[in-house]
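Fold and geometry: a report
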Amino acid sequence: MTAPLLDDAAATAADTPARVAGRSGSTFYWPMLLLPRSKRAAMFAIYAFCRHVDDIVDEPGDPRIKNRQLEGWRQTIRGLYAGTPPGDPLTAALKAAIDRYHLPRAELEAVIDGMAMDLAGTMRGPDLATLGLYCRRVAGAVGLLAIRVFDRADPATEAFAIALGEALQLTNILRDLAEDAGLGRLYLPAELLAGAGIAGRDPATVLRSPALPAACAALAARAEERFAEAERRLADCHRRRLWAAVAMMVLYRRLLAALTARGWSQPAPPVRLRKRACAWVALRCMLGRPPAR
């Protein structure tokens, strides 16, 4: 992929959020697509914002330019709250979502903070506390934005969103081990690596270790614990209004099960869920009849 440097980033920012989401192939696409129009537009805007800042960090380019781009997005977000007119379709859609659903600026900036952790090169066998902070920023923050679109923010719903966000992110980490290693990243936490007897932190070396399955299994168990916590928290929420989040939980729990069944000795290629299965789960959840996981 071509690096979205200064001019390219401006060009891609002019793309519509719906197109960004449609091209992504994300497991989230079908639950978002089946939302009512205003909620769908808001979720596509949030997703497209996350996709753009993630691409800044993931694609090749000078880290100094990437840092400036992230800071540019931070200033853009602050400008939207300060009354600066949007300059392209993405920021216009994001501004509409902010205004309609009272999205907190701090959570949008938290996503940028999470991307900055990747850019700083600190995500090579981070300790559990650092990994937890990373998950809170890149996934929990998105959950706290999404619940305001799906329903509302109250303590029970926020606790559900944070637990589910971490479960989803840990599943992503397990799915993308090889891809992340190619970017020089290793999200498996230091404590679990040490527990498996893996001393090094070089991503490629760790992925070749015969002890890798033990570290991955430990992280998978941690992800399942967070899914179980999210399910418990959901009992105190308006489950029917959160059907899109329920669909994401069902789909990612299935993804985690598929990863576990495949095993961790050969982490590439990543496991993917079929589009038809994603659409079917989303439809069942929308109709109030979520399938068993």
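Sequence order as written defines residue numbering, which begins from 1 separately in each chain. Thresholds applied to this predicted model are a pLDDT of at least 70 for local features of residues and 80 or more for the giving and counting of side-chain atom pairs; totals over whole chains, interfaces and linings are not thresholded and use all residues. Hydrogens and water are ignored here; the side-chain numbers use all heavy atoms of the structure.

Glancing now at the nonpolar core. By nonpolar core we mean a set of buried residues, namely Ala, Val, Leu, Ile, Met, Phe, Trp, Tyr and Cys, connected to one another through side-chain atoms within 4.5 Å. In this scheme, a residue with accessible area under 20% of its type's maximum is buried, one over 50% is exposed, and one in between is partly exposed, where area comes from a 1.4 Å probe on protein chains only. Counting 96 residues, the largest nonpolar core has Phe49, Phe150, Phe160, Leu174 and Leu188 as the members making the most contacts within it. Here this core gets 13 residues from one element, more than from any other, and that element is helix α14 (residues 243-262). Should any heavy atoms of two residues lie within 4.5 Å, those residues are counted as being in contact. Not counting residues within four places of it along the chain, the set of residues in contact with Phe150 comprises Leu35, Lys39, Met43, Arg241, Leu242, Ala244, Ala245 and Met248. The way it works is that DSSP assigns letters per residue, a run of H or I at least four long becomes a helix, a run of E at least two long becomes a strand, and they are numbered from the N terminus.

On the surface, Trp280, Leu283 and Leu287 cluster together into a nonpolar patch covering about 290 Å² of accessible area. Within the secondary structure layout, Leu283 lies in helix α15 (residues 275-286). Residues enter patches when they are more than 30% accessible in relative terms and free of salt bridges; like-charged ones are connected within 9 Å and nonpolar ones (Val, Leu, Ile, Met, Phe, Trp, Tyr) within 5 Å. What sets the accessible areas is the Shrake-Rupley method with a 1.4 Å probe; for residues, cover comes only from the shown protein chains. Put simply, a salt bridge is a Lys or Arg side-chain nitrogen that is within 4 Å of an Asp or Glu carboxyl oxygen.

The next point concerns the pattern of salt bridges. In total, this model carries 21 salt bridges according to the counting rule given. The salt bridge involving Arg105 is made with Glu109; its shortest N-O contact spans 2.9 Å. Here Glu109 and Arg105 lie together in helix α7 (residues 105-119), a separation of four residues that amounts to about one turn. The class of Arg105 is partly exposed, set by a relative accessible area of 37%. Using a relative accessible area of 7% as the deciding quantity, one classes Glu109 as buried. Put simply, Arg253 and Glu231 hold a salt bridge, and the shortest N to O gap is 2.9 Å. Remark: Glu231 occurs in helix α13 (residues 212-234) and Arg253 occurs in helix α14; sequence separation between them is 22 residues. Judged by its relative accessible area of 36%, Glu231 is partly exposed. The network of salt bridges with common partners includes Glu71, Arg74, Arg78, Arg105, Glu109 and Asp113.

Such coordinate-based values are descriptive only and should not be taken to indicate function.
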